[in-house]
Amino acid sequence: MNLAAATNENLAHISNVLIYSSMAVYLLAFFANMAEWIFGSRSKTGRAAAALTQQPQAKAAAPAVQVKKNGGTAVLERPQVVTRAASGSRGDVPDGPGAAAGDEQGDLYGRIAISLTALGFLIEFGGVLTRALSVQRAPWGNMYEFSITFSTVAVGVYLVLLAMKKNVRWLGLPLVITVLLDLGLATTVLYTASDQLVPALHSYWLYIHVSTAIFCGAVFYVGAVGTLLYLFKDSYENKLVKGGKPGRFATSVLERLPASASLDKFSYRVNAAVFPLWTFTIIAGAIWAGDAWGRYWEWDPKETWSFITWVAYACYLHARATAGWKGRKAAYLALIAFGCWLFNYYGVNIFVSGKHSYAGV
Amino acid sequence: MSTTHTDNSEQEAAAQLSTAPEEDRAPNLPQLGVIGWARWFWRQLTSMRVALILLFLLSLGAIPGSLIPQADTNQLKVDDFKKTHDTLGPLYDKLGMFHVYSSVWFSAIYILLFVSLIGCIIPRTWQFVGQLRGRPPRAPKRLDRLPAYATWRTASDAESVHTAALELLKKRRFRAHVTGGSVAAEKGYLREAGNLVFHVALIVMLIGFATGQLFKSDGTKLVLEGDGFANTLSQYDDFSSGSLFDTDTGLAPFSFTLKNFEGTYERTGPNKGTARTYKADVTYSQGADGKAKKATIKVNEPLVVDGTKVFLSGHGYAPVLTVRDGKGDKVFSQPVPMLPLDSNQTSSGAVKVMDGYRDKGGKKDQLGFKAFFVPTFAGAGKGQMFSQFPALDFPVLALSAYHGSLGVDSGLPQNVYQLDTTNLKEFKDSKGGLFKQMLRPGETMKLPNGAGSITFEKDVKEWATFEIAKQPGTDWALAGAIGAIAGLVGSLFIQRRRVWVRATTGPDGITVVETAGLGRSESAKLPEELGVLVEQLHDRAPSAPEDTDSETPEPPTAVPAAEGAEK
Ligand code: HEM
């Protein structure tokens, strides 16, 4: 018993060291990301400006359908599929070149940043894992543990999107900043020494409910960053269309981001993709509550805010399908929805007391 | 959106790609008539815009309930709030802020929303059935205006291109047919089906929820080890039920006996004292006289009998006490449950000896004791009666003694765990203070002047409180929830799209093949899919050798994007 306790304490200690190390690595990743943006600012590309100030043209920016026949000896010329934006005059604005903007040195730093982020992810993942081993349960018993798991998953989502060759390198800098903030909060304000769970948390629904909740949060976060950048980029493009001249800093940064239409689409996809899972999370929570508290729904503050978040995202999805609400208005709804999620995560645990108060802030 | 460049065939091509209601952005206010107004109102209510607003209001309306104390969950906090807020209290009361989720305005929002939902689903369902019966519309005149487009020239004749296209599309599970000189195909109907299923499932869920609220019953009961409970109204310590609950038939007949309660607690660490195991072994029997079965109830694992759930909700101690009168006769001997005051089971209670007691002179009297119990005493001299740990490590009972009238016959309801001392006289100690004493198990406290004694037997029983709850409609709510998720997945991950292939043979014998795709919403998948189709079709109808570059098909020109593609 004592021996086991000692190993557990050792593991908990290792976990703390790993979390701090990951913070150091993320900090380096932050500097590398900054370097990428700074070096990238040397190149002067004005693609969005060019596209928007010239006469709009239906461009054939098309994926060529080319197929190699029989071992690639004869390359047959195939008909090309021409794509064009389905609606709106700005579907043809090309995506920005990314933070490095073709600058070689910037690109190098960008790659370093990604490698560091991946390294940070591995270390942090190790931290979460050792924490879990030290308490011999899933590491989701209090807010400290939520926070470290949350940022690990958020970085994981980013890396998976990168691995899928999605155009998401622009996420790197905001992501690393938030991860550092999250971990900073976790290790200072929210830290709780490792311990086992109270009996109310002994249920496999805990694993299902909490793991999906954390995952949804991480994905919602990624969507929210996309939405926020969409709003900036959209006003930038609007200004260009109206013949305005945005400031130098704004131009330098926003030119390098994907087009507003791409950002909008990205965040819609991300939000829509996790919405069913979020629905499931709430239902799993209700089932668990039914077993633990006797009623599957009793408007506990945490439940209420999950519901509010859910309805807010449903609002957003409706808005996207409603003519007058597309675009910026829908984006504001998406941000409100994420605000609700954030409040549910931090606000409810800290300011409101309810049955979820096990979280041991 | 301007429609100057769009001809009718294009609008038709995009028509009915979804069943979303039309938005009338400039509502024509009806000139006259109640019916006109009613129709206008109904159209507004079932429009997407109003659905959006109602949804928003619903989430907004849910907020105060999470920040202001609610009477259903915590009446004490509500009373506290009212005491400390002189102006806000009555105002909130009027606005229903202390029971938001059953208030008029909150109900109004969700009832309107669900009326809107039903009003929206019914026409959409008919429309969808119509679409399922119908065929994909024919190709628009200008295919090159659609979001994805490809063209080539081939020596094959138009007929065989159409046949090949039809075959390929059908193999890819498109609904396809030849119409108006082109192949029209559509896929992804499941999206609309999923969307309808989702919205219907929301209604099912609400019905389940409402049934639960109206027919529920919920009560608690404190049971000592060895004692039992039968599920009838008179046995509950407290009880509440939904407004349509029937007390005669609503309670499932069953009974159970608490055999043993077991709690173990963390001994070390920062969470010292928190419960580790917490379980009640019971035997229960279903029906009036069913066979007894064994079961264990834990915090997350209620006992389910006949649709009723029995939850373990609390636990405490009941020291066994014996009271003797002036002549030494036993007048009281039973476990007395103490109610916990903190997480270490510092608890309080009352001992009430109502009949049978006679004082030294043989006169009838009643005895009362205020009791404090700690399972783990801090140690002599450390004075305070605060328990150090929730387990029975060092139990100590502190009693103070009274006699007189317990006030049981006064007709007012009495709390069994509290002593009402208004008509009681204190026993005095030698210094004239209240007579009190701390007892260890086995010790006896002798009342002054031979008035009798009270013994803390070497036995402390445990008790558990159970919550006995029944909420019908849960299955419906769950079925609705599962349906909602399934519908959502279909609705969000399936693309509904149309593909057209048109081949026209010119006088020179060369056939121009045009293909185009249109999705309900923009997607990168559509061009990809079209690309694969083009590739396969191109294999069957390969490009004709280019003789001159004079007759290439008209390249796409600068025209506004296809209208209505997003509708
Ligand atoms: C209880 C309230 C409601 C909730 C939670 C809800 C939720 C949702 C969600 C999450 C979607 C997204 C699915 C998708 O994009 O395909 C959706 C779509 C849709 N909803 Fe609702 N809805 C509600 C009420 C209504 C009402 C009252 C109407 C009728 C006016 C309605 C009409 C629609 C339509 C037409 C779509 C499909 C939009 C499209 O085709 O993209 N919904 N709803």
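Keep in mind that what you see is a predicted model, and the values were worked out from it rather than measured.

Peer 1: Can you walk me through the overall build of chain B in this structure?
Peer 2: On a plain count of helices and strands, chain B comes out with 10 helices and 22 strands. The proportion of buried residues among the 567 residues of chain B is 47%. Considering only residue pairs separated by 6 or more positions, chain B has 66% of its internal contacts joining residues 24 or more positions apart. For chain B, the accessible area works out to roughly 28,400 Å², and carbon and sulfur atoms hold 56% of it.

Peer 1: Whenever I open this one, a nonpolar patch on the surface confuses me. Can you help?
Peer 2: The grouping of A:Ile336, B:Ile53, B:Phe56, B:Leu57 and B:Leu60 at the surface amounts to a nonpolar patch, some 400 Å² of accessible area in total. With 4 residues, helix H3 (residues 48-67) of chain B is the largest single contributor of residues to the nonpolar patch. Relative to the helices and strands, B:Leu60 resides in helix H3.

Peer 1: Honestly, the site of the ligand in this entry has me stumped. Any pointers?
Peer 2: In the neighbourhood of the ligand, 27 residues make up the surrounding shell, with A:His318, B:Cys120, B:His199, B:Ser491 and B:Arg520 lying closest. Those residues lying near the ligand are distributed over chains A and B. Side-chain polar atom of B:His199 to a nitrogen atom of the ligand: 2.8 Å apart, as the coordinates give it. In this structure, an oxygen atom belonging to the ligand sits 2.5 Å away from a side-chain N or O atom of B:Ser491.

Peer 1: Before we go on, may I ask you to explain the packing of helix H4 (residues 143-163) of chain A against helix H5 (residues 172-188) of chain A in this structure?
Peer 2: To describe two helices that pack against each other, one gives the angle between their axes and the distance between the axes. All names here are of chain A. Viewed as axis vectors pointing N to C, H4 and H5 meet at an angle of 165 degrees, and their least axial separation amounts to 9 Å. Relative to H5, the element H4 is oriented roughly antiparallel. Every pair of crossing elements has a handedness; the one defined by H4 and H5 is left-handed. Residue-level inspection shows Tyr144, Ser147, Ile148, Phe150, Ser151, Ala154, Val155 and Tyr158 of H4 in contact with H5, the latter providing Gly172, Leu175, Val179, Asp182, Leu183, Ala186 and Thr187. Class assignment of the residues belonging to the contact of H4 with H5 gives a composition of 10 nonpolar, 4 polar and 1 charged.

Peer 1: Explain the confidence of the model for chain A here, please?
Peer 2: If pLDDT is low for a region, its predicted coordinates should not be looked at in detail. Per-residue confidence for chain A gives a mean pLDDT of 79; residues scoring 70 or more make up 78%. Note on residues 55-76 of chain A: pLDDT is under 50 here. Beyond four places in sequence and across chains, it has 29 contacts.

Peer 1: How do you make sense of the packing of helix H6 (residues 204-241) of chain A against helix H8 (residues 260-292) of chain A when you look at a structure like this?
Peer 2: All names here are of chain A. Viewed as axis vectors pointing N to C, H6 and H8 meet at an angle of 155 degrees, and their least axial separation amounts to 7 Å. Taken together, the axes of H6 and H8 are roughly antiparallel relative to one another. Crossing handedness for the pair H6 and H8: left-handed. Its residues placed into classes, the contact of H6 with H8 shows 21 nonpolar, 10 polar and 5 charged.

Peer 1: Even after reading the chapter, I still don't get the coordination of the iron atom of the ligand, so can you show me in this structure?
Peer 2: Angles between donor atoms at a metal ideally measure 109.5 degrees for a four-coordinate tetrahedral arrangement and either 90 or 180 degrees for a six-coordinate octahedral one. At the metal site, the iron atom of the ligand is ligated by A:His318 (NE2) and B:His199 (NE2), and these contacts range over 1.9 to 2.0 Å. Every donor counted, the 6 donor atoms about the iron atom of the ligand form angles of 74 to 179 degrees at the centre, which fits octahedral coordination. Remark: B:His199 occurs in helix H8 (residues 189-215) and A:His318 occurs in helix H9 (residues 301-321); the pair is interchain, linking two chains. Taking relative accessible area as the criterion, A:His318 reaches 18% and is therefore assigned buried.

Peer 1: Would you explain the packing of aromatic side chains in this entry?
Peer 2: Given two aromatic rings, one states the distance between the centres and the angle between the planes to describe the pair. One pass over the structure, following the stated rule, counts 38 aromatic pairs over all chains. The interplanar angle of 20 degrees and the centroid separation of 5.1 Å between the aromatic rings of A:Trp341 and A:Tyr345 together place this pair among those described as stacked. Of this pair, A:Trp341 and A:Tyr345 both sit in helix H10 (residues 328-351), 4 residues apart, which is roughly one turn of that helix. Here A:Tyr345 falls in the buried class, since its relative accessible area comes to 9%. Ring centres of B:Tyr236 and B:Phe239 lie 4.9 Å apart, and the angle between their planes is 55 degrees; this geometry places the pair in the tilted category.

Peer 1: Help me understand the sheet that holds strand E5 (residues 228-230) of chain B, please; the structure alone is not making it clear to me.
Peer 2: Across a sheet, strands are paired by hydrogen bonds formed along the backbone, either parallel or antiparallel in direction. Residue and element names in this part refer to chain B. Spatial strand order, E5-E7-E8-E9: 4 strands in an open sheet with antiparallel pairing. This sheet does not close on itself; its edge strands, each paired only once, are E5 and strand E9 (293-298). Averaged over all adjacent pairs, the angle separating strand axes in this sheet is 30 degrees, with direction ignored.

Peer 1: Can you walk me through the confidence of the model for chain B in this structure?
Peer 2: Residues and elements named next belong to chain B. Looking at chain B, pLDDT values average 83 and 89% of them are 70 or higher. In the model, residues 1-6 has pLDDT below 50 throughout and makes 8 contacts with residues more than four positions away in sequence or in other chains. Within the model, pLDDT remains below 50 along residues 548-567, and this stretch shows 38 contacts once partners closer than five positions in the same chain are excluded. Across the interfaces of the predicted complex, the ipTM metric reaches 0.82, alongside a pTM of 0.80.

Peer 1: Whenever I open this one, the sheet that holds strand E3 (residues 82-83) of chain A confuses me. Can you help?
Peer 2: Strand order across the open sheet formed by 6 strands is E3(A)-E1(B)-E22(B)-E21(B)-E3(B)-E2(B), with antiparallel pairing between neighbours. With partners counted over all chains shown, the strands left at the sheet margins are E3 of chain A together with strand E2 (175-179) of chain B, one partner each.

Peer 1: Would you take a moment to explain the pattern of salt bridges for this structure?
Peer 2: Side-chain pairs of opposite charge can arise whenever the charged atoms involved come near each other. Residue and element names in this part refer to chain B. One pass over the structure, following the stated rule, counts 18 salt bridges over all chains. When the shortest N-O distance is used, the salt bridge between Arg496 and Glu192 registers 3.5 Å. Within this pair, whereas Arg496 is found in the loop between helix H9 (474-493) and strand E21 (497-505), its partner Glu192 is found in helix H8, the two being separated by 304 residues in sequence. A residue is classified by how much of its surface remains accessible, and Glu192, at 4% relative accessible area, is buried. Overlapping salt bridges bring together Arg124, Glu186, Glu192, Arg496 and Arg498 as one network.

Peer 1: I keep staring at the pairing of E2(B) and nothing clicks. Help me out?
Peer 2: For a regular strand, side-chain orientation follows a simple rule: the groups alternate between the two sheet faces. Residue and element names in this part refer to chain B. Here 5 bridges tie E2 to strand E3 (residues 182-187), and the two strands are oriented antiparallel to one another. For Thr179, the partnering residue across the bridge sits in E3 and is Ser182. Where E2 folds back onto E3 in an antiparallel hairpin, the turn is made up of 2 residues, including Gly180, whose phi is positive at roughly 55 degrees.

Peer 1: How should I be thinking about unusual backbone geometry in this particular structure?
Peer 2: Comment: phi is negative for the bulk of residues other than glycine, and the bulk of peptide bonds are trans. Residues and elements named next belong to chain B. One non-glycine residue, Arg173, lies in positive phi territory at about 60 degrees. Looking at where Arg173 falls in the secondary structure, it is placed in the loop between helix H7 (158-171) and E2. When its relative accessible area of 71% is taken as the criterion, Arg173 is described as exposed.

Peer 1: Whenever I open this one, the environment of B:Thr46 confuses me. Can you help?
Peer 2: Residues and elements named next belong to chain B. Relative to the assigned elements, Thr46 resides in the loop between helix H2 (34-45) and H3. Given the relative accessible area of 11%, Thr46 is considered buried. Taking C-alpha positions, Thr46 is 49 Å from Gly287, a pair spaced 241 residues apart along the chain.

Peer 1: Where do I start with the pairing of strand E12 (residues 330-335) of chain B in this structure?
Peer 2: All names here are of chain B. Sheet topology places strand E11 (residues 308-324) next to E12; 5 bridges connect them, and they run antiparallel. Its bridge partner lying in E12, Leu321 is registered against Gln334. Counting the residues between successive antiparallel strands, the hairpin from E11 to E12 contains 5 residues, one of them, Gly328, with a positive phi of roughly 90 degrees.

Peer 1: Honestly, the state of the cysteines in this entry has me stumped. Any pointers?
Peer 2: When the sulfur atoms of two cysteines share a covalent bond, that bond is a disulfide. Residue and element names in this part refer to chain A. Under the counting rule described, the total for this entry stands at 0 disulfides over all chains. The thiol sulfur of Cys340 is not disulfide-bonded, and the nearest other cysteine sulfur, from Cys315, lies at 9.6 Å. Residue classification places Cys340 among the buried residues on the basis of a relative accessible area of 10%.

Peer 1: Explanation requested: H6(A) in the structure shown.
Peer 2: In an α-helix, one turn spans 3.6 residues, which is why side chains three or four residues apart end up on the same side. Over its 38 residues, H6(A) runs 55 Å from end to end, which matches the ideal 56 Å to within 8%, given 1.5 Å per residue. Summarising burial for H6(A): 27 of the 38 residues are buried, a large majority.

Peer 1: Even after reading the chapter, I still don't get the environment of A:Phe150, so can you show me in this structure?
Peer 2: By secondary structure assignment, the location of A:Phe150 is in helix H4. If we skip the residues at most four places from it in the chain, A:Phe150 touches A:Asp182, A:Ile214, A:Gly217, A:Ala218, A:Tyr221, A:Trp341 and A:Tyr345.

About the cut-offs
- Residues numbered from 1 in each chain as written.
- Chains lettered and ligands numbered in written order.
- Predicted model: local features only at pLDDT ≥ 70, side-chain atom pairs only at ≥ 80, totals over all residues.
- Heavy atoms only, no water.
- Helix = DSSP H or I, 4+ residues; strand = E, 2+ residues; numbered from the N terminus.
- Buried < 20%, exposed > 50% of the residue type's maximum accessible area, 1.4 Å probe, protein only.
- Contact = heavy atoms within 4.5 Å.
- Areas by Shrake-Rupley, 256 points an atom, 1.4 Å probe, with all protein chains shown as cover.
- Patch = residues over 30% accessible without salt bridge, like charges linked within 9 Å, V, L, I, M, F, W, Y side chains within 5 Å.
- Salt bridge = Lys/Arg side-chain N within 4 Å of Asp/Glu carboxyl O.
- Near = heavy atom within 4 Å.
- Polar contact = N/O pair within 3.5 Å; in protein donor to acceptor, adjacent residues only side chain to side chain.
- Axes fitted to C-alpha atoms, helices over the stretch in contact; angles between N-to-C directions.
- Parallel < 35°, antiparallel > 145°, perpendicular 65-115°, else oblique.
- Left-handed = near helix turned anticlockwise from the far one by under 90°.
- Nonpolar A, V, L, I, M, F, W, Y, C, P; charged D, E, K, R; others polar.
- pLDDT = per-residue confidence, 0-100.
- Donors = N, O, S within 2.8 Å, 3.2 Å for Na, K, Ca; no water.
- Tetrahedral: all angles 85-135°; square planar, octahedral: opposite > 155°, others 65-115°.
- Phe/Tyr/Trp six-rings, centres within 6.5 Å; stacked < 30°, edge-to-face > 60°.
- Pairing = 2+ DSSP bridges.
- Disulfide = S-S within 2.5 Å.
- Expected span 1.5 Å × (residues − 1).

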